[in-house]
Amino acid sequence: SAVISQKPSRDICQRGTSLTIQCQVDSQVTMMFWYRQQPGQSLTLIATANQGSEATYESGFVIDKFPISRPNLTFSTLTVSNMSPEDSSIYLCSVEGYGELFFGEGSRLTVL
Amino acid sequence: AQKVTQAQTEISVVEKEDVTLDCVYETRDTTYYLFWYKQPPSGELVFLIRRNSFDEQNEISGRYSWNFQKSTSSFNFTITASQVVDSAVYFCALSPYSGGGADGLTFGKGTHLIIQP
C-alpha cells in the first residue's frame with residue numbers, strides 16, 4: 001500500500017495569512033488529488049495534480065486561492081491563500097495505487 | 001455531472017444487528033469506479049472496496065458485503081452482525097475511469113453509523 005505523509009497535521013492560522021500543506025508519498029505516482037473536508041461534511045475534490053503540468057481545478061476552486069505545486073512524482077504542495085474562517089477544514093492528499101485510492105491523514109486547519 | 005446520494009444521514013442499531021447502508025449514484029460515463037470508505041472518529045479514511053462498473057458481481061469480505069446493481073444505479077453496503085467498532089461515518093464515492101485508473105472522487109454526504117452495545 002502507498003504511505004502518504006502530510007505536514008502539518010494541524011495548524012491554527014490568522015485571517016489573511018497563507019499556509020502551505022505538504023504531501024509526500026513513498027512511491028512514484030502519476031496523479032495526486034487534493035480534497036477538502038469541512039467540519040461535519042463530506043469530502044470535496046479541490047484539484048488534480050499531475051507532475052509536469054498545471055493542476056486541474058474543480059468547479060468552485062481557483063488557482064489564486066489554492067495554488068498547487070507538483071515538482072516530482074512523490075511530492076505535492078497545496079497552499080491555502082488569504083485565509084478566512086470559512087477555510088477551516090481538513091485538507092487531504094490522495095493517490096491511486098494497487099487498485100486503491102489512498103488518503104493521507106489530513107491537515108486540520110483552523111482559521112481565527 | 002456525477003452525483004452520489006446517501007439518503008441515510010444517521011443509522012443507529014444495536015450490536016449484532018445487520019445493517020445496510022444505501023448508495024445511489026448518477027453518471028453519464030459508461031465506465032466508472034465505485035468506492036466505499038470508512039471514517040472512524042479518529043478521522044482517517046479507510047478504504048473498504050473499489051468496484052468496476054463492468055463487474056456486477058456482489059462481493060463479500062468477512063462481515064461486509066456489497067450489492068452492486070447497475071440497473072438501479074445502486075451500490076449498497078451491508079454489515080452483518082454489527083459490532084461497536086463498526087461505528088463510523090461511511091462514504092460512498094464515484095470516479096470516472098480515466099484510462100490510467102480512477103480519477104478524482106465524487107463523495108456522497110456520508111452515513112453516520114452508530115452501533116450501540
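So, here's what we can say about the structure.

Criteria and cut-off values
Residues numbered from 1 in each chain as written. Chains lettered and ligands numbered in written order. Predicted model: local features only at pLDDT ≥ 70, side-chain atom pairs only at ≥ 80, totals over all residues. Heavy atoms only, no water. Helix = DSSP H or I, 4+ residues; strand = E, 2+ residues; numbered from the N terminus. Rg over C-alpha atoms; globule rule 2.2 N^0.38 Å. Buried < 20%, exposed > 50% of the residue type's maximum accessible area, 1.4 Å probe, protein only. Contact = heavy atoms within 4.5 Å. Areas by Shrake-Rupley, 256 points an atom, 1.4 Å probe, with all protein chains shown as cover. Lys, Arg positive; Asp, Glu negative; His and termini not counted. Charge placed at Lys NZ, Arg CZ, Asp CG, Glu CD. 1 Å grid on protein atoms, 1.4 Å probe; cavity = no way out; pocket = protein on both sides within 12 Å on 5 of 7 lines; lining within 4 Å. Points joined across faces, edges and corners; volume = space filled by probe spheres on them. Nonpolar A, V, L, I, M, F, W, Y, C, P; charged D, E, K, R; others polar. Buried area = accessible area lost by both parts, 1.4 Å probe. Salt bridge = Lys/Arg side-chain N within 4 Å of Asp/Glu carboxyl O. Polar contact = N/O pair within 3.5 Å; in protein donor to acceptor, adjacent residues only side chain to side chain. Pairing = 2+ DSSP bridges. Axes fitted to C-alpha atoms, helices over the stretch in contact; angles between N-to-C directions.

## Side note on the overall build of chain A
Secondary structure summary: chain A contains 0 helices and 11 strands in total. Along its sequence from the N terminus, chain A presents helices and strands in the succession β-β-β-β-β-β-β-β-β-β-β. The C-alpha radius of gyration computed for chain A amounts to 13 Å, which stays within 12% of the reference 13 Å derived for 112 residues, consistent with globular compactness. For chain A, the C-alpha atoms occupy an extent of roughly 40 × 25 × 20 Å along the three principal directions. Here chain A holds 112 residues, and the buried ones make up 49% of them. Excluding contacts between residues fewer than 6 apart, the proportion of contacts in chain A whose partners are at least 24 apart in sequence is 52%. Taken as a whole, chain A presents about 5,400 Å² of accessible surface, with 46% of it coming from carbon and sulfur. Charged side chains of chain A number 7 positive and 10 negative; the gap between the two group centres comes to 8 Å.

## Some points on the environment of Ser61 of chain B
With respect to the helices and strands, Ser61 of chain B occurs in strand 7 (residues 59–61). Sequence spacing of Ser61 of chain B and Tyr25 of chain B is 36 residues, and the spatial spacing of their C-alpha atoms is 22 Å.

## What to know about the layout of surface pockets
A volume near 650 Å³ is recorded for the largest pocket. Lining the largest pocket are 31 residues, and of these Gln37, Gln38, Gly40, Gln41 and Ser42 of chain A sit closest to its centre. Listed by contribution, the elements that provide at least two residues to the lining of the largest pocket are strand 4 (31–37), strand 5 (43–50), strand 9 (89–97) and strand 11 (107–111) of chain A together with strand 10 (88–96) and strand 12 (111–116) of chain B. Classifying every residue of the lining of the largest pocket by side-chain character gives 11 nonpolar, 17 polar and 3 charged.

## Topic: the interface of chain B and chain A
Counting residues at the interface gives 17 residues for chain B, matched by 15 residues for chain A. Taking both partners together, chain B and chain A bury about 1,400 Å²; carbon and sulfur atoms supply 57% of that area. Three residues stand out in chain B for area buried against chain A, namely Leu45, Phe47 and Phe107 of chain B, and they jointly supply 31% of the buried area on that side. For the pair chain B and chain A, the interface holds 1 salt bridge. A salt bridge links Arg50 of chain B to Glu96 of chain A; the shortest N-O distance between them is 2.9 Å. Inspection of the region where chain B meets chain A yields 5 residue pairs in polar contact (both at pLDDT 80 or more). Looking at the side of chain B that touches chain A, the elements that each hand over two or more residues are strand 5 (32–39) and strand 6 (46–52) of chain B. Ranked by residue count, the leading element in the side of chain B that touches chain A is strand 5 of chain B, at 3 residues.

## A short note on the sheet that holds strand 8 (residues 75–80) of chain A
Residues and elements named next belong to chain A. Taking strand neighbours across the sheet as the criterion, the 4 strands line up as 1-3-8-7 in an open arrangement whose pairing is antiparallel. Each edge of the open sheet is held by one strand with a lone partner, namely strand 1 (4–7) and strand 7 (68–72). With strand direction ignored, the average angle separating the axes of adjacent strands in the sheet is 15°.

## Digging into the pattern of salt bridges
Residue and element names in this part refer to chain B. In the structure shown here, the tally under the stated rule is 5 salt bridges over all chains. Arg51 is paired through a salt bridge with Asp55; the nearest N and O atoms lie 2.7 Å apart. Relative accessible area serves as the criterion here: at 5%, Arg51 is assigned to the buried category. Two residues, Glu59 and Arg51, come together in a salt bridge whose shortest N-O distance is 2.5 Å. Classification of Glu59 by relative accessible area gives partly exposed; the value is 31%.

## Let's talk about unusual backbone geometry
Most peptide bonds are trans, and most residues other than glycine sit at a negative phi. With an omega of -5°, the peptide bond between Lys7 of chain A and Pro8 of chain A qualifies as cis. On the secondary structure map, Pro8 of chain A appears in the loop between strand 1 and strand 2 (10–13). With a phi close to 45°, Asn82 of chain A is a non-glycine residue in the positive phi region. As for its placement among the helices and strands, Asn82 of chain A is situated in the loop between strand 8 and strand 9. Positive phi is not limited to glycine here, since Ala81 of chain B has a value of about 50°. Tracing the chain through its elements places Ala81 of chain B in the loop between strand 9 (74–79) and strand 10.

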